[in-house]
Every structure is written in structure tokens, then in C-alpha cells.
Amino acid sequence: MNLAPGEQRHHEVLIIGGGNAGISLAGRLRRYRFRDVAVVEPKSRHLYQPLFSHIAGGTADAFEAVRLQSAVTPPGVTWIQDKAVDVSADTHTVLLHSGSAVTYDHLVICPGIQNDWTAVPGLKEAMEGPHGASNYEYELAPKAWDLLRTLTSGTVVFTQPPGPASCAGAAQKPLYLACDHWRREGVLKDIRVILAVPTPTIFGMEIIDEELNRKTAEYGVEVRFSTELASVEPVGRTVELVGTVTGVAETVAYDVLHAVPPQSAPQWLKSTDLPAPGTTDGFVEVDPVILRHPRFPRIWSLGDAASTLNSKSGAALREQATVLAKNLRAVRKGRKPGTEYNQYSACPFVVSRNTVVFSEFDDKYDPMPTVPGWNDLARERRLTFIAERVMLPWVYWNLILRGRA
Ligand SMILES: Cc1cc2nc3c(=O)[nH]c(=O)nc-3n(C[C@H](O)[C@H](O)[C@H](O)COP(=O)(O)OP(=O)(O)OC[C@H]3O[C@@H](n4cnc5c(N)ncnc54)[C@H](O)[C@@H]3O)c2cc1C
């Protein structure tokens, strides 16, 4: 529905953002018999972002990652097609872009994370030009595969940004998919592949680092550790990479640039009262265990926009959605919110066109395998590729978004 300027409505639970977090939470709340749930979401189409990496690496078609928002909004949930622009926690009101307002008993904030393409000089222009692409924008992912697929020699630079990111490791997936493609085509030896990561190791967990180091060595990738993309010169096709420990800058000429942008909280959130006082990143302050705002008890948050301690991912918020729904149900019944988020997160590294290294970890990057003690999925496997590429998208559309998984 669309609200007229000046119009005001009330909902028992109002959710800002109808992405992965918002829709899966709405589905779960309906299952828990919440009757009056509304989602504010401006876009008409819902995107399944993990498939962007497969689109960029040529193992999925773009259409597979999209559904109509109307089709994924759970039956009985009100979809307000608008954008939140401000939250007044004192009056329990969300102001919308249309000039209307919605009051709430409980508010859940999950508008995701924003891609800051202009944070690196020249990066936005490079993405708009003929030689730059990224798996972090739906529109740029098919372009990435066109560029990577048709390359037979030259230099490709892949970059992963510092700071908070949505499934940070996903920056590397198109690299492995492209390298395997080039190897099959017999041209890998003619392509110089450089990967710049901001961290001192390739991921940060010993068992995963071992596997990824083995794969990068196998493909002959030059990995630059503790290195950030400082600037791009899109016309001359060069990037400046800077070592954050050494301070040394290196200029590299590229034929293809596959970049992932720095990311931060949505701009409008940064100017509300919702981030923790004294912080600058703008993410919604929450108790990272029960997912409730510590200063505004009617406000909750999950997913990429929440200042939880875990590495941001769909896998993390799947756990969070269950915790948050159970805690809302408890509060509605006058009980304490006692369900706790265990800080689980995961990142399936697609390391070839038919294998995955599946990392599962907590907020300290200590292994947290789904089956306790069984670290086997952290090794390169075909089984986990089938799970990630074939089973998970089905589970996402049919179970997760309906609050059933
Ligand atoms: C390329 C890529 C690959 C990934 N791969 C994986 C993976 O393999 N495994 C994994 O677990 N995770 C992966 N992730 C991470 C996962 O997709 C995210 O963690 C997840 O989508 C976050 O869900 P969210 O609901 O918080 O944000 P989103 O899904 O981004 O949804 C946010 C929604 O809020 C809406 N919105 C924004 N602003 C407003 C506003 N002002 N008012 C109302 N609505 C608003 C947006 O339109 C959007 O629909 C990947 C992410 C990317 C980008």
C-alpha cells in the first residue's frame, strides 16, 4: 500500500526494510500469530544477494536472484511501499519519505548496509566505465562475468574493502570462479591475478586460511595482505594499492577491475538517535545477545544494519530472526526476552566451479561448526557447493523468507 502525505497509521510490529532480515522475521512473526505486522520497503523487487557472486562468476543467471516484493511478502503482512527517513523513539513514530507517518508498539530496524562507491576516488567512475565491475551490485554482476569470461590475457585486480561489510569473504568468490574458468579454457597462465585483502591473512580462521591459501597458490594468484584500494584512475586503467602496515603504495595497471566498495550504515540512520552515543559508524545500537535497543525498549534490530558483534551475513541473521521473533513473543506475553543469539555466522567460499570451503564461526572467528566438533565442511568439498548453489536458494525462497528455517 502507499500512504498519502500527512496520513498516519499504527501497527503492532513495524519493520523497516523488506530484505532478507525483514521478510524472514515477518514470516516468523506471522507463524507466531502476530496479527498486525507491517513492512516498510521501497523497492518492488527482492534480491537474494548470495547469488550475485555466482552471477559475477558465471554459475548463475541474473533472473535467479530476483522475485517480486509482492510475491515474497508473507500473506497477512502489510507492505508499505515507502522509505523510512527518520525515527522518533520518544513518540514511537517512523516518518516516511512520502510525508506520512507510522506509529508502532514495536519497531524492528533492518534496512541493510550501504555501498559507499564514492569513498574511494575514481571507483564509481571505474564501475561506470567499460573495465570495472562488482558482485556487490545486482546490475554490475552480469557485467563482471562478461568481462571475466572474455578475458584471455592481461591483469585482473580483485579488491576487498576494510571495515564492516556484508559477507566480507564474498568479495573473493568471483575470483575463484573466474580462475577455474580460465584454467579450463587454458588461459590462466596468461592472466595475472591480484587480490588485495585488508586483513593480515586471507580470511582470519586458521583452517579456512589453509584452504584458501592452497587455492590461491593453485591458481597462481598474487595476494596482497593488509592492503587497501586507495584510488582508481579509470581512464588510464590503474589502481593504487596501499599496504596498511608498510604504508607502501603500489600502482597496478589493470585490464579488468573487480572491486567491492567500502560499506557503512544507511545514511539516514546515522543522523538518528539510534546508533550508540559516541560511535560514528551509524549502525543501530542493540544488545548483541537479545537484539533489543538498550535505550529504547520498543526498538529492535537485526541483519546488516544492527551493531551486533558477528560478521554480517544472511547465515547470521537467520539465527537472529528466530531469536528476535521469540523475544518479541515473550515481551508481548509480559515475559522477559530470554532467547539468546549465539553469535553464529558463516561464509561459503566458492573456490571452484564445483567446490566450496564452508566457514562457520562466532564473533571472535573461532570455528562454530553446525555439527559441534565436526570441522569437515571447512575443507574443500563438492557437497557444500551443491548445498550453497542448489539447495540454499531453494531454502531461501521457500523456507527462510516464510519464517520456516
Ligand atoms: C555479493 C554478496 C554476497 C553475499 N553472499 C552471502 C553468502 O554467501 N552467505 C551469506 O550468509 N550471506 C551473504 N551475503 C550477505 C547477505 O546477503 C546479507 O547479510 C543480508 O542480505 C542482509 O539482510 P538485511 O535484511 O539486513 O539487508 P538486505 O537484504 O540488504 O535488505 C535491506 C532492505 O532494506 C531496504 N531499505 C533500505 N533503506 C530503507 C529505508 N530507508 N526504508 C525502508 N527500507 C529500506 C532495502 O531496499 C532492502 O530491501 C552476501 C551479500 C552480498 C552483497
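Values in this document were obtained by computation on a predicted structure and should not be read as measured data.

What counts, and where the lines are drawn
Residues numbered from 1 in each chain as written. Predicted model: local features only at pLDDT ≥ 70, side-chain atom pairs only at ≥ 80, totals over all residues. Heavy atoms only, no water. Salt bridge = Lys/Arg side-chain N within 4 Å of Asp/Glu carboxyl O. Helix = DSSP H or I, 4+ residues; strand = E, 2+ residues; numbered from the N terminus. Buried < 20%, exposed > 50% of the residue type's maximum accessible area, 1.4 Å probe, protein only. Core = buried A, V, L, I, M, F, W, Y, C linked by side-chain atoms within 4.5 Å. Domains from an automatic or database assignment. Contact = heavy atoms within 4.5 Å. Buried area = accessible area lost by both parts, 1.4 Å probe. Nonpolar A, V, L, I, M, F, W, Y, C, P; charged D, E, K, R; others polar. UniProt positions renumbered as here; feature names shortened; annotations may be inferred. Expected span 1.5 Å × (residues − 1). Disulfide = S-S within 2.5 Å. Axes fitted to C-alpha atoms, helices over the stretch in contact; angles between N-to-C directions. Left-handed = near helix turned anticlockwise from the far one by under 90°. Phe/Tyr/Trp six-rings, centres within 6.5 Å; stacked < 30°, edge-to-face > 60°. Lys NZ or Arg CZ within 6 Å of the ring centre and 35° of its normal. Near = heavy atom within 4 Å. Polar contact = N/O pair within 3.5 Å; in protein donor to acceptor, adjacent residues only side chain to side chain. Areas by Shrake-Rupley, 256 points an atom, 1.4 Å probe, with all protein chains shown as cover.

### Examining the pattern of salt bridges
Alright, step 1. All chains considered together, the criterion is met by 24 salt bridges.
Alright, step 2. We note a salt bridge from Glu 218 to Lys 215, for which the minimum N-O separation is 3.0 Å. Highlighted residues: Glu 218 and Lys 215, both in helix H7 (residues 206-219), separated by three residues, approximately one helical turn.
Alright, step 3. Note on Lys 215: relative accessible area 3%, which makes it buried.
Alright, step 4. The salt bridge partner of Asp 255 is Arg 237, with a shortest N-O separation of 3.5 Å. A residue pair is termed long-range when its members are at least 10 positions apart, and Asp 255 in the loop between strand S16 (249-253) and strand S17 (256-259) and Arg 237 in the loop between strand S14 (227-233) and strand S15 (238-243) qualify at 18 residues.

### Considerations on the nonpolar core
Alright, step 1. Counting residues in each nonpolar core, the largest one holds 56 residues, and the members touching the most others are Trp 182, Ile 208 and Phe 349.
Alright, step 2. Structurally, this core is a two-domain feature, drawing no fewer than three residues from each of domain 1 (8-113 + 265-342 + 397-402) and domain 2 (118-262).
Alright, step 3. What Ile 208 contacts, discounting residues up to four positions off in sequence, is Phe 203, Phe 349, Val 357, Phe 358, Ser 359 and Ala 378.
Alright, step 4. Counting residues in each nonpolar core, the second largest holds 25 residues, with Cys 110, Leu 302, Ala 321 and Val 331 among its members.

### Here's the deal with the domain arrangement of the protein
Alright, step 1. When its domains are assigned, the protein resolves into domain 1 (8-113 + 265-342 + 397-402) and domain 2 (118-262).
Alright, step 2. If you average the C-alpha positions of domain 1 and of domain 2, the two centres end up 31 Å apart.
Alright, step 3. Here domain 1 packs against domain 2, burying approximately 1400 Å² in sum over the two surfaces, 65% of which is carbon and sulfur.
Alright, step 4. Of all residues in domain 1, Phe 52, Ser 53 and Ala 56 bury the most surface against domain 2, accounting for 35% of the area lost on that side.
Alright, step 5. Taken together, the connections running from domain 1 to domain 2 amount to one salt bridge.
Alright, step 6. Residue Glu 139 is joined to Arg 45 by a salt bridge in which the shortest nitrogen-to-oxygen separation is 2.7 Å.
Alright, step 7. Classifying every residue of the side of domain 1 that touches domain 2 by side-chain character gives 10 nonpolar, six polar and three charged.

### A word on unusual backbone geometry
Alright, step 1. For Cys 167, which is not glycine, the phi torsion reads 45° and is therefore positive.
Alright, step 2. Summarising the element assignment, Cys 167 is placed in the loop between strand S11 (154-159) and helix H6 (173-185).
Alright, step 3. In this structure, Ser 226 is a non-glycine residue whose phi angle is positive, near 45°.
Alright, step 4. Here Ser 226 lies in the loop between strand S13 (222-224) and S14.
Alright, step 5. Note on Ser 226: relative accessible area 12%, which makes it buried.

### A few points about the UniProt feature "domain: FAD/NAD(P)-binding" (unreviewed entry) in the protein
Alright, step 1. The sites that UniProt annotates as "domain: FAD/NAD(P)-binding" (unreviewed entry) are residues 12-309.
Alright, step 2. Within residues 12-309, the helical portion is 23% and the strand portion 28%, while the C-alpha atoms at the span's ends are 28 Å from each other.

### Considerations on H7
Alright, step 1. An ideal rise of 1.5 Å per residue puts 20 Å on 14 residues; H7 measures up with 20 Å between its terminal C-alpha atoms.
Alright, step 2. The set of residues buried in H7 consists of Ile 207, Ile 208, Asp 209, Glu 211, Leu 212, Lys 215, Thr 216 and Tyr 219.
Alright, step 3. Close packing links the buried residues of H7 with H6, S13, strand S20 (345-350) and strand S21 (356-361).
Alright, step 4. Once H7 finishes, Gly 220 follows within two positions and takes phi at roughly 75°, a positive value.

### Regarding the state of the cysteines
Alright, step 1. Applying the stated criterion across every chain, the model contains zero disulfides.
Alright, step 2. This cysteine, Cys 110, is not joined by any disulfide, and Cys 167 carries the nearest cysteine sulfur, 18 Å off.
Alright, step 3. No disulfide involves Cys 179; its sulfur sits 17 Å from that of Cys 347, the nearest cysteine.

### Quick notes on the packing of helix H1 (residues 20-31) against helix H9 (residues 314-332)
Between two packed helices, the angle of one axis relative to the other and the distance separating the axes together describe the packing.
Alright, step 1. Where H1 contacts H9, the axes come no closer than 9 Å and their chain directions differ by 40°. Note that H1 runs across H9; the crossing there is right-handed. In this structure, H1 contributes Asn 20, Ala 21, Ser 24, Leu 25, Arg 28 and Leu 29 to the contact, and H9 contributes Gly 314, Leu 317, Ala 321, Thr 322, Leu 324, Ala 325 and Leu 328.
Alright, step 2. Its residues assigned to classes, the contact of H1 with H9 comprises eight nonpolar, four polar and one charged.

### Details of the packing of aromatic side chains
Alright, step 1. Under the defined criterion, the tally for this structure stands at eight aromatic pairs.
Alright, step 2. Considering the side-chain rings of Phe 203 and Tyr 365, the 5.4 Å spacing of their centres and the 55° angle between planes classify their relative orientation as tilted. Linking Phe 203 in the loop between strand S12 (191-196) and H7 with Tyr 365 in the loop between S21 and helix H10 (382-398), this pair joins segments that are 162 residues apart in sequence.
Alright, step 3. On the basis of relative accessibility, which here comes to 11%, the residue Phe 203 falls in the buried class.
Alright, step 4. Overall, Tyr 365 belongs to the partly exposed group, its relative accessible area being 28%.
Alright, step 5. One aromatic cluster is present, formed by Phe 203, Phe 349, Phe 361 and Tyr 365 through successive ring pairs.
Alright, step 6. The cationic tip of Lys 312 hangs over the ring face of Phe 283; the distance from NZ or CZ to the ring centre is 4.1 Å.

### Considering the site of the ligand
Alright, step 1. In the neighbourhood of the ligand, 33 residues make up the surrounding shell, with Ala 21, Glu 41, Lys 173, Asp 304 and Ala 315 lying closest.
Alright, step 2. In this structure, an oxygen atom belonging to the ligand sits 2.6 Å away from a side-chain N or O atom of Glu 41.
Alright, step 3. When the ligand is considered free in solution it has 1000 Å² of accessible area, and contact with the protein chains removes 90% of it.
Alright, step 4. Secondary-structure elements contributing two or more residues to the shell around the ligand are H1, helix H2 (50-56) and H9.
Alright, step 5. Tallied by class, residues from the shell around the ligand come to 16 nonpolar, 11 polar and six charged.
Alright, step 6. Counting residues domain by domain, the shell around the ligand receives three or more from each of domain 1 (8-113 + 265-342 + 397-402) and domain 2 (118-262).

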